[in-house]
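# Residue-level structural notes
Okay, here's what each chain looks like letter by letter:
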Amino acid sequence: MTKQKDTTANPALTAAEPMMEWWQSQFTQGTTPMTRMQLAWMQSMADTMQFEAQFLRALAESGQKMAESMSGDTPQTPAEMQERYQQLISDLTEAQMERMKKATELSNDFRRRVWEEV
């Protein structure tokens, strides 16, 4: 069996208890905001990685469409080829614009999350 020391018999330990309780509460309060800010940063990074994955998927789909275009029914005229290229470029441009839009929103979301933690 373990024996606990009786702090009531030692007036010095009894007097120090309120100070130790205050110090413990101050110590834990200092780390909590930093942890929350790190969590906000990690959530923003997860969102960024998701947006980049969506963009990479759009690039892969574009490449697949190009490959299918060349292996399946090949364009018969230069105008047809140009039309397919224009459509692919349009899709990629749209994906890039969506990527940039989400990047600016992400920056604002990150600032909002950090501000909420501060």
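My aim in this report is to walk through the structure given alongside it, one point at a time. Note that the structure is a prediction, hence the values are computed from the model and not measured.

## Notes on the pattern of salt bridges
The final tally for this structure, using the stated rule, is four salt bridges. Linking Glu 52 and Arg 99 is a salt bridge whose minimum nitrogen-to-oxygen distance equals 2.8 Å. Residue Glu 52 is located in helix H1 (residues 11-71), and its partner Arg 99 is located in helix H2 (residues 78-117); the two are separated by 47 residues in the primary sequence. For Glu 52, a relative accessible area of 27% corresponds to the partly exposed category. Judged by relative accessible area, Arg 99 falls into the partly exposed class, the value being 25%. Between Arg 57 and Glu 61 there is a salt bridge; the shortest N-O distance is 3.4 Å. Of this pair, Arg 57 and Glu 61 are both found in helix H1, four residues apart, which corresponds to roughly one turn of the helix. On the basis of relative accessible area, Glu 61 is assigned to the partly exposed category, the value being 38%.

## Overview of the environment of Asp 73
Checked against the element boundaries, Asp 73 lands in the loop between H1 and H2. The exposure class of Asp 73 is exposed, given its relative accessible area of 54%.

Rules behind the numbers
- Residues numbered from 1 in each chain as written.
- Predicted model: local features only at pLDDT ≥ 70, side-chain atom pairs only at ≥ 80, totals over all residues.
- Heavy atoms only, no water.
- Salt bridge = Lys/Arg side-chain N within 4 Å of Asp/Glu carboxyl O.
- Helix = DSSP H or I, 4+ residues; strand = E, 2+ residues; numbered from the N terminus.
- Buried < 20%, exposed > 50% of the residue type's maximum accessible area, 1.4 Å probe, protein only.

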